[in-house]
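Fold and contact review
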2 protein chains.
Amino acid sequence: MSASETSAQSAQIQAYLNQLGQQAKAASFQLASLSSQQKNTLLQTISARLSANVANILAANAKDVAAAKDNGLTDAMIDRLLLDESRLAGIIGDIDNVISLADPVGKEAASQLLDNGLRLTQRSVPLGVVGVIYEARPNVTVDIAVLALKTGNAVILRGGKETIESNKVLSQVIRDALASLDLPEDAVQLIDSPDRAIVSGLLRLDNYVDMIIPRGGQNLQRLCAEQSSIPVILGGIGICHLFVDKKADLNRAIDVIANAKVQRPTVCNALDTLLVDQSIAADFLPHVVSQLHDLGVKFYGCEQSQALIASQGADVTAADDESFSTEWLSLTLGVKVVADIDEAIGHIRQFSSGHSEAILTDDIHAASYFMNQVDSAAVYVNASTRFTDGSQFGLGAEVAVSTQKLHARGPMALDALTTYKWLAWGDYTSRP
Amino acid sequence: MSASETSAQSAQIQAYLNQLGQQAKAASFQLASLSSQQKNTLLQTISARLSANVANILAANAKDVAAAKDNGLTDAMIDRLLLDESRLAGIIGDIDNVISLADPVGKEAASQLLDNGLRLTQRSVPLGVVGVIYEARPNVTVDIAVLALKTGNAVILRGGKETIESNKVLSQVIRDALASLDLPEDAVQLIDSPDRAIVSGLLRLDNYVDMIIPRGGQNLQRLCAEQSSIPVILGGIGICHLFVDKKADLNRAIDVIANAKVQRPTVCNALDTLLVDQSIAADFLPHVVSQLHDLGVKFYGCEQSQALIASQGADVTAADDESFSTEWLSLTLGVKVVADIDEAIGHIRQFSSGHSEAILTDDIHAASYFMNQVDSAAVYVNASTRFTDGSQFGLGAEVAVSTQKLHARGPMALDALTTYKWLAWGDYTSRP
């Protein structure tokens, strides 16, 4: 391609994105004035129209699955993008849950009459336009559109190319629901081109887009952090640690460790590295390794732990800084013997992604110290890291799990899709 | 310079920044466990040591002023960087104010016993490491270090090269105060090289820095938005609007407009564009223009307003999209006659930087409509835009004025320098 062709193409992408952004912004102004009841009626309409379109949606999804097979995707990847009647019913059922949640928009806080004569209040309002970039999970299309509309936001969706047919039908059903209520269709827009230059352009659309949420792996998160001029909510990457203190109840500890590692190893709150106090390592490690080995776990062990792991007939590789920096997302576990709680905390500070960490101990002093010193989104005493989740935390809905510190941290609920504005009433009041 | 020299230099900068980052992060862990009393003692010590070093500080500042004169800086710029005894006393006095404020760290919210057996709470904690990039205002060095330390954060400062001598002495006095209390000096680090590549590197130091605050003009804000992989708090750019509704009390309106435009025209909350309802324009504009003209204001007028402005003998230039997109920071005012409140709101949506907007009206319906429809950090009814300010809002301290929507919006107080972590206690609890 010649330079002038490239430049023409890039101008075309920019024009397309500007239009998308303008449309989303205009729609967001309309959404911002809807009442909670109007927004819930919209969600009910979406739910009903999705139910009425099950056959169309499954047919579109079947095309995606067929293409995935043609393209040689793994069974695990095909399973992720697959919809069937039961999964679709689950997605639609979740909409009822969102309808039942309180609307975080319109709350007023910090209201006061100031000495300068102004009456001041801080009112919660929608963010405006949210851009969501995600991978091959068609449920995200519905989930995120519904959460955005519940909070009066417009959304620009860019899903994985592997689910493009499913996403087209799902987003069209939602747009039809909007139109049927005389609401702006462009409250939900899908980018249906697989062109990666569009993602880079979307990340620079700061005139129109107020927040970017990347829902996907490490590479997508880094891309967004590095390229975006729009605020990004990074998240969903968990290098999670569990420290077994010398005063832990070792019998009860094993079940919690197994839960953290094995219950659902492919998710971000699953355990990645087990830290064990050296004074109990020789007693405890063989037991826990034996049980985890039976459950199919393979190990990366530090120098001190390798022989203890191997003694149970388990697979063990020498651990290094690289393996301790890995989010396994599989039945693999790093193991490190530490001199004491401070070495455990030091290891966590060096290698954690700031998602979830736990201590198991019967020592109330050690428990407090660990909670105060460890700075991650979620810190547990005597509990599995698997609890870091919007529904487990009683938040009702989960937009994402943030591992950054601004705006929202850990499981993000509906209120993370709002901001606030300051409103002040005077009587032709000037600043003295 | 050869390519290999450039690359060696860039490796050197990276090593320097990594060291800075590591030191700041290590210091931040120590600061996070300080009690409010310990932090206030630190601030008192800083205040006392600054008072004891007035002569050194003024001598260093005199060098900056001399260099500024040699380099031909304008009087206005020299005035911005100048310290004298009275200004320094003001800076030191502000520390007492910060000491008296409540410490936002350590609050717990959302505490509950969950159905799954966990006791959950959300505890406010320091952000960690804050990077601040600012221009030639030595007061920022003290202000921001004090606010960061009050909230248990480490800070990396990069001030303008025009105040390097002042900043070196000020930051050294603060570091000495830290050391005198056996606290980590590296809680406050100054980048004293004028090399711009260091700023670019700092903006990518996301392993260590949790937030970037640019305190400066449009170019600095854009640089940070575009280059930073760390969350940035954009702010301090105000293209502010005031709409005179047809039902405004026109006599009382004039004083508010004059206050918004003239009281301190060089700051971000000063008025930039006056929007006037067409039904009152012919009556009202000559009066307001006449008064503002007497106060030295020059005008950019829309087609409809130019003749009315010129009739008062005032300077008027034809306004266009570019002038309506300008933050004047001077005695210049854009004027536009609009058909109605909707055109006023449309103009604000198109041209505002999202800082501060006001409506003047006696019509309660118009007032509500304007407040609901305009989405800026601060929206006023019958008041000057000049009120958008931490102290006017009763917040005690102002870290910055944010014009973005995530984390903090409008005047940012101490709590914007904190985040939270989720803490959960179980009894060897696994996720079902």
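Remember, it's a predicted structure, so these values are computed and weren't measured experimentally.

This part takes up the packing of aromatic side chains. According to the stated counting rule, one finds 8 aromatic pairs over all chains in the structure shown. Ring geometry for W422(A) and F393(B): centres 5.1 Å apart, planes at 50°, overall tilted. Highlighted residues: W422(A) in strand β16 (residues 418–429) and F393(B) in the loop between β13 (378–383) and β14 (400–402), drawn from two different chains. Comparing W422(A) with F393(B) shows no difference in burial state: the two are buried. Here Y300(B) and W328(B) contribute two aromatic rings whose centre-to-centre distance is 4.7 Å and whose plane-to-plane angle is 25°, an arrangement assigned as stacked. With Y300(B) in strand β9 (residues 298–301) and W328(B) in the loop between α13 (321–324) and β11 (332–338), this residue pair connects regions lying 28 residues apart in the sequence. Each residue in the set F393(A), Y420(B) and W422(B) is aromatic and connected to the rest through ring pairs, giving one cluster. One cation-aromatic arrangement involves R119(A) over W425(A); the distance from NZ or CZ to the ring centre is 4.8 Å. When the ring centre of F29(A) is taken as origin, the NZ or CZ atom of R349(B), which lies over that ring, is 3.7 Å away.

Right, let's talk about the UniProt feature "domain: Aldehyde dehydrogenase" (unreviewed entry) in chain A for a bit. Under the local residue numbering, the UniProt record ascribes the feature "domain: Aldehyde dehydrogenase" (unreviewed entry) to residues 18–297 of chain A. End-to-end, the C-alpha atoms of residues 18–297 of chain A are 49 Å apart, and along that stretch the chain is 53% helix and 16% strand.

What follows is about the side chain of H347(B). By the element assignment, H347(B) lies in helix α14 (residues 341–351). When sequence neighbours within four positions are dropped, the list of residues in contact with H347(B) reads H241(B), T273(B), L275(B), F324(B), K336(B) and S352(B).

With that out of the way, let us pick up the environment of Q312(A). Take Q312(A): it is sitting in the loop between α12 (303–310) and β10 (316–318). For the pair Q312(A) and G21(A), spaced 291 residues apart in the sequence, the C-alpha separation amounts to 58 Å.

A few words on the pattern of salt bridges. A full pass over the atoms with the stated rule returns 31 salt bridges over all chains. Put simply, D103(A) and K39(A) hold a salt bridge, and the shortest N to O gap is 2.8 Å. Taken together, the residues span a long stretch of sequence, with D103(A) in the loop between α5 (85–100) and β1 (108–113) and K39(A) in helix α2 (residues 36–52) at a distance of 64 residues. Neither residue differs from the other here; D103(A) and K39(A) are each classed as buried. Of the charged contacts, one joins K405(B) and D375(B) as a salt bridge, the two residues approaching to 2.8 Å between their closest N and O atoms. One end of the pair, K405(B), is in the loop between β14 and β15 (410–412); the other, D375(B), is in the loop between α15 (364–373) and β13, and 30 residues separate them in sequence. Residue D375(B) is classed as partly exposed on the basis of its relative accessible area, which comes to 23%. Residues joined in a network through salt bridges with shared partners are K25(A), D210(A), D375(B), K405(B) and R409(B).

Turning next to the domain arrangement of chain A. Much of the literature gives interface size as the accessible area that the parts lose upon coming together. Taken domain by domain, chain A holds domain 1 (12–234 + 411–424) and domain 2 (240–392). One C-alpha centre belongs to domain 1 of chain A, the other to domain 2 of chain A; they are set 36 Å apart.

Below, the discussion takes up the state of the cysteines. Under the defined criterion, the tally for this structure stands at 0 disulfides over all chains. Counting only cysteine sulfurs, C240(A) is the nearest neighbor of C268(A), a cysteine outside any disulfide, at a range of 7.0 Å.

Quick look at the sheet that holds strand β3 (residues 129–134) of chain B now. Residues and elements named next belong to chain B. Judged by pairing direction, the sheet is parallel, and its 4 strands sit side by side in the order β5-β4-β3-β6 without closing on themselves. At either end of the open sheet lies a strand with only one pairing partner, and these are β5 (188–190) and β6 (211–215). Pairwise comparison of adjacent strand axes, ignoring direction, gives a mean angle of 20° for this sheet. Two strands pair when backbone bridges link them, and β3 and strand β4 (residues 154–158) are joined in this way by 5 bridges, in the parallel orientation. Along β4, the bridge assignment pairs G131 with I156.

Taken residue by residue, the interface counts 79 residues in chain A and 79 residues in chain B. Taken over both partners, the interface formed by chain A and chain B buries close to 6600 Å², and the fraction arising from carbon and sulfur atoms is 50%. Our count for the contact surface shared by chain A and chain B stands at 8 salt bridges. Here R431(B) ties to D389(A) by a salt bridge, and the two come within 3.9 Å at their closest N and O atoms. Linking chain A with chain B are 57 residue pairs in polar contact (both at pLDDT 80 or more). At the level of secondary structure, the elements contributing two or more residues to the side of chain A that touches chain B comprise α1 (3–32), β2 (119–126), α9 (218–227), α10 (250–262), α15 (364–373), β13 (378–383), β15 (410–412) and β16 of chain A. The element best represented in the side of chain A that touches chain B is β16(A), accounting for 11 residues. Relative to β13(B), β16(A) is paired through 5 bridges, and the arrangement is parallel. Bridging from a neighbouring strand, L423(A) pairs with V379(B) of β13(B).

One key point about sheets: their strands pair by backbone hydrogen bonds, in either a parallel or an antiparallel sense. A sheet is described by the order of its strands in space; here 10 strands give the open sequence β10(A)-β9(A)-β11(A)-β8(A)-β7(A)-β12(A)-β13(A)-β16(B)-β2(B)-β1(B), paired in mixed fashion. Each edge of the open sheet is held by one strand with a lone partner, namely β10 of chain A together with β1 (108–113) of chain B. The mean inter-strand angle of the sheet, taken between neighbouring strand axes irrespective of direction, is 20°. Packed on one face of the sheet, helix α11 (residues 278–294) of chain A meets β7 (240–244), β8 (271–277), β9 (298–301) and β11 (332–338) of chain A and runs near 145° to β8(A).

Residues and elements named next belong to chain A. With 17 residues, helix α7 (residues 164–180) ought to run about 24 Å at 1.5 Å a step, and its terminal C-alpha atoms sit 24 Å apart, in line with that. Those residues of α7 lying buried are I164, S166, N167, L170, S171, V173, I174, R175, A177 and L178. One or two residues past the end of α7 sits D182, with phi positive at roughly 60°.

What follows is about α2(A). Residue and element names in this part refer to chain A. Compared with the 24 Å implied by 1.5 Å per residue over 17 residues, the 24 Å span of α2 between its first and last C-alpha is a close match. Along α2, the residues that are buried comprise K39, N40, L42, L43, T45, I46, S47 and L50. Tucked into the core, α2 has its buried residues touching α3 (54–70), α5, α6 (138–150) and α7.

As for its position among the elements, Q392(A) is in the loop between β13 and β14 (400–402). Considering only alpha carbons, one finds Q392(A) and P411(A), 19 residues apart in sequence, at a separation of 9.5 Å. Excluding its chain neighbours within four sequence positions, the residues that come into contact with Q392(A) are F387(A), L114(B), N116(B) and R431(B). A distance of 3.0 Å separates polar atoms of two side chains, one belonging to Q392(A) and the other to N116(B).

Another aspect to go through is the pairing of β13(A). Residues and elements named next belong to chain A. By the criterion of burial, β13 is predominantly enclosed, with 6 of the 6 residues buried. Pairing of strand β12 (residues 356–360) with β13 involves 4 bridges; the strand directions are parallel. In the strand pairing of β13, S356 is matched with A378.

Bringing the relation of the copies chain A and chain B into the picture now. Mapping chain A onto chain B is achieved by rotating through 180° and translating by 0.0 Å along the same axis, at an RMSD of 0.0 Å. Both copies are brought into coincidence by an operation consistent with a two-fold rotation axis. For chain A, the minimum C-alpha distance to the rotation axis belongs to H407(A) and amounts to 1.9 Å. Most of the interface of chain A is mirrored in chain B, where 100% of its interface residues again form contacts.

Parameters and conventions
Chains are numbered independently. Their residues run from 1 in the order of the written sequence. Note on labels: chains are lettered from A, ligands numbered from 1, in written order. For this predicted model, a pLDDT threshold of at least 70 governs which residues receive local features, and a threshold of 80 or more governs which side-chain atom pairs are given and counted, while totals over whole chains, interfaces and linings are taken from all residues. Hydrogens and water molecules were not included; the side-chain quantities draw on all heavy atoms of the structure. Note on aromatic pairs: the rings of Phe, Tyr and Trp (six-membered ring only in Trp) are paired at centre separations within 6.5 Å, and the planes decide the class, stacked below 30 degrees, edge-to-face beyond 60, tilted for the rest. Counting from the N terminus, the helices are DSSP H or I runs at least four residues long and the strands are E runs at least two residues long. Only protein chains enter the calculation, and the probe is 1.4 Å; a residue is then buried if its accessible area is under 20% of its type maximum, exposed if over 50%, and partly exposed in between. Whether a charge sits over a ring depends on NZ of Lys or CZ of Arg being within 6 Å of the ring centre and within 35 degrees of the ring normal. UniProt positions are given in the numbering used here, feature names are shortened, and annotations may be inferred rather than shown by experiment. Throughout, a residue-residue contact means that at least one pair of heavy atoms, one from each residue, lies within 4.5 Å. Between Lys or Arg on one side and Asp or Glu on the other, a salt bridge is scored when a side-chain nitrogen of the former is within 4 Å of a carboxyl oxygen of the latter. Each domain span listed reflects an automatic or database assignment of domains. When two cysteine sulfur atoms lie within 2.5 Å, the pair is treated as a disulfide. Here, strands pair whenever DSSP counts at least two bridges between them. Simply put, an axis is a line fit to the C-alpha atoms, just over the touching stretch for a helix, and the angle between two N-to-C directions goes from 0 to 180 degrees. A simple way to read buried area is as the amount of 1.4 Å-probe accessible surface that goes missing from two parts once joined, with both sides added. Here a polar contact means two N or O atoms within 3.5 Å. Within protein one must be a hydrogen donor candidate and the other an acceptor candidate, and residues neighboring in sequence count only if both atoms are side-chain atoms. The span one expects for a helix is its residue count, reduced by one, times 1.5 Å. Least squares is used to superpose the copies, and the fit set is the C-alpha atoms of residues whose pLDDT is at least 70 in both copies.

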